[in-house]
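So the chains spell out like this:
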Amino acid sequence: MQRLAMSITGREFNGGAAATLSVVMRCVYGPAWAVAWGLIRGNHRVPFMAQPVLLAVLMWGFEMSVLPAVGAMAALRALPTRDIVGDLIQCLIFSVVTTTALVILPRWPTNQSF
C-alpha cells in the first residue's frame, strides 16, 4: 500500500501515517469489490456455486496483474509461491463470504428487530 501511495502522491509515508493509510485503503478495497460484484451479478445469471470462484479469480487476477503494474506490490515473478497461493486463498475466503451475503441479505426479513 505504501508503494501505491508513494506513486500517487510522490512522497513517502512512514510510521503511523503508513499504518493509517493501509487501514483506510483496505477498508475501501473490500467493499468496493463487493459493490462491483453485486452490480456484475445483478445483470447476469451466475449459478450460486460459481459466484465465489468467479469473484476470487477476478480479484486475484487484478491483484496479480494491475497492482504490480501501478507499483502497489512487487512484480509477480518476484513474489514467493507461498505469497501468491496465500493471496488466492484470501481472495477465495473473501469471495465466499461476499457472494453468500449478497444472496442472503436481499432475502432477509426487514420486519424483524435485532
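Just above sits the structure.
Residues numbered from 1 in each chain as written. Predicted model: local features only at pLDDT ≥ 70, side-chain atom pairs only at ≥ 80, totals over all residues. Heavy atoms only, no water.

## Things to note about the packing of aromatic side chains
Throughout the structure, instances matching the rule amount to 2 aromatic pairs. Relative to tryptophan 33, the ring of tyrosine 29 has its centre 6.4 Å away and its plane inclined at 75 degrees; by these criteria the two rings are edge-to-face. One end of the pair, tyrosine 29, and the other, tryptophan 33, are both in helix 2 (residues 15–43), 4 residues apart, so they sit about a helical turn from each other. With relative accessibility at 24%, the residue tyrosine 29 sits in the partly exposed group. Aromatic side chains tryptophan 33 and phenylalanine 62 sit 5.6 Å apart centroid to centroid with 75 degrees between the ring planes, which places their arrangement in the edge-to-face category. With tryptophan 33 in helix 2 and phenylalanine 62 in helix 3 (residues 51–69), this pair connects stretches of sequence that are 29 residues apart. Overall, the relative accessible area of 16% leaves tryptophan 33 in the buried class. Residue classification places phenylalanine 62 among the partly exposed positions, given a relative accessible area of 29%. Site record: aromatic cluster; members linked through ring pairs are Tyr29, Trp33 and Phe62. (Phe/Tyr/Trp six-rings, centres within 6.5 Å; stacked < 30°, edge-to-face > 60°. Helix = DSSP H or I, 4+ residues; strand = E, 2+ residues; numbered from the N terminus. Buried < 20%, exposed > 50% of the residue type's maximum accessible area, 1.4 Å probe, protein only.)

## A short note on the side chain of threonine 98
For threonine 98, the location among the structural elements is in helix 4 (residues 81–104). Of note is the side chain of threonine 98, whose polar atom sits 2.8 Å from the backbone oxygen of phenylalanine 94. If near-sequence neighbours (up to four positions away) are discounted, threonine 98 is found in contact with Ala34 and Leu55. (Polar contact = N/O pair within 3.5 Å; in protein donor to acceptor, adjacent residues only side chain to side chain. Contact = heavy atoms within 4.5 Å.)

## Points about helix 4
For helix 4, with 24 residues, the first-to-last C-alpha span of 35 Å sits near the 34 Å given by 1.5 Å per residue. Looking at helix 4, one finds that the buried residues are Ile84, Asp87, Cys91, Ser95, Thr98, Thr99 and Val103. (Expected span 1.5 Å × (residues − 1).)

## Quick word on the environment of leucine 102
Within the secondary structure layout, leucine 102 lies in helix 4. Residues leucine 102 and tryptophan 37, spaced 65 residues apart in sequence, show a C-alpha to C-alpha distance of 9.0 Å. What leucine 102 contacts, discounting residues up to four positions off in sequence, is Ala34, Trp37, Gly38 and Arg41.

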